[in-house]
Amino acid sequence: MAEVDEERQVCDVAVTLAFSVLGKRWNGMIVSSLGGGPSTFVALRRAVAGISDTVLSDRLAELTDTGLVARTVDTGPPITVSYALTPSGEGLLPILDQLGRWASANLAERAH
């Protein structure tokens, strides 16, 4: 019985860690936008309507630090910076899709 409780605690810690990153406003939308392929900062700002430059910059830095997004600088000229999902980030896409479908089916009416 103690082994089951320990496994449940490990799962709870892992889920809490995942939601500490994914639960932040905009992060899911940024990951989803990058699911279509690499993108520049300006293109991401357009894709994630309503996000400020400062918040987008902060979120991209956080997603890069967690290993979900890779930042690439092309020294040009002109210098360009692009962002792309890492394999870990790509692994999130079906999970985010499934979570979105679950939320639509189970939480949509409660949110209104």
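Whatever comes next refers back to the structure up there.
These figures come from a predicted structure and were not determined experimentally. (Residues numbered from 1 in each chain as written. Predicted model: local features only at pLDDT ≥ 70, side-chain atom pairs only at ≥ 80, totals over all residues. Heavy atoms only, no water.)

Colleague: Teacher, can you tell me more about the nonpolar core here?
Modeller: Among soluble globular proteins, nonpolar side chains are generally buried collectively. If you look at the biggest cluster of nonpolar residues, it comprises 17 residues, and the most contacted ones within it are I30, L34, L63 and V69. In contact with L34, not counting residues within four places along its chain, are S39, L44, V69, Y83, A84 and L85. (Core = buried A, V, L, I, M, F, W, Y, C linked by side-chain atoms within 4.5 Å. Buried < 20%, exposed > 50% of the residue type's maximum accessible area, 1.4 Å probe, protein only. Contact = heavy atoms within 4.5 Å.)

Colleague: Would you mind going over unusual backbone geometry with me for this structure?
Modeller: The phi angle of most residues is negative, glycine excepted, and most peptide bonds adopt the trans form. A positive phi angle, near 85°, is found at W26, a position not held by glycine. Mapped onto the secondary structure, W26 falls in the loop between α1 (2-22) and α2 (27-34). Residue classification places W26 among the buried positions, given a relative accessible area of 12%. (Helix = DSSP H or I, 4+ residues; strand = E, 2+ residues; numbered from the N terminus.)

Colleague: Would you mind going over the environment of W26 with me for this structure?
Modeller: In this structure, the C-alpha to C-alpha distance between W26 and I51, residues 25 residues apart in sequence, is 7.5 Å. With near-sequence residues (within four places) excluded, W26 lies in contact with V48, A49, G50, I51 and V55.

Colleague: Please explain the pairing of strand β2 (residues 69-74) as it appears in this structure.
Modeller: The side chains of a regular strand alternate between the sheet's two faces. Inspection of the sheet shows β2 paired to strand β3 (residues 80-85) by six bridges, in the antiparallel sense. Bridge pairing links V69 to L85 in β3. (Pairing = 2+ DSSP bridges.)

Colleague: What is the right way to read the packing of α2 against helix α4 (residues 53-65) from this model?
Modeller: The angle between the axes and the distance between the axes are what describe a pair of packed helices. At a closest axis distance of 10 Å, the pairing of α2 and α4 adopts a crossing angle of 75°. When the axis of α2 is compared with that of α4, the two are roughly perpendicular. On α4, the residues touching N27, I30 and V31 of α2 are L56, R59, L60, E62 and L63. Residue classes in the contact of α2 with α4 are distributed as five nonpolar, one polar and two charged. (Axes fitted to C-alpha atoms, helices over the stretch in contact; angles between N-to-C directions. Parallel < 35°, antiparallel > 145°, perpendicular 65-115°, else oblique. Nonpolar A, V, L, I, M, F, W, Y, C, P; charged D, E, K, R; others polar.)

Colleague: What's the story with α4 in this structure? I'm lost.
Modeller: Think of an α-helix as turning once every 3.6 residues; residues three or four places apart then point the same way. Between its first and last C-alpha atoms α4 spans 18 Å; for 13 residues at 1.5 Å apiece the expected length is 18 Å, and the two agree. Positive backbone phi, at 85°, marks G67, one or two positions downstream of α4. (Expected span 1.5 Å × (residues − 1).)

Colleague: Sorry if this is basic, but what is going on with α2 here?
Modeller: Within α2, the full set of buried residues consists of N27, I30, V31 and L34. Within α2, the buried residues cover an arc of 95° as seen down the axis, which keeps them to one side. (Arc of directions from axis to C-beta.)

Colleague: What should I look at first to understand the pattern of salt bridges in this one?
Modeller: Two side chains bearing opposite charge may form a pair once their charged atoms approach each other closely. For the structure shown, the criterion picks out three salt bridges. One salt bridge in this structure joins R45 and D53, with 3.0 Å as the shortest N-O distance. Between D97 and R101 there is a salt bridge, with the nearest N and O atoms lying 3.1 Å from each other. Of the two residues, D97 and R101 are both situated in helix α5 (residues 87-106); the distance of four residues between them amounts to about one turn of the helix. The class for D97 is partly exposed, based on a relative accessible area of 45%. (Salt bridge = Lys/Arg side-chain N within 4 Å of Asp/Glu carboxyl O.)

In short, geometric facts, not functional conclusions.
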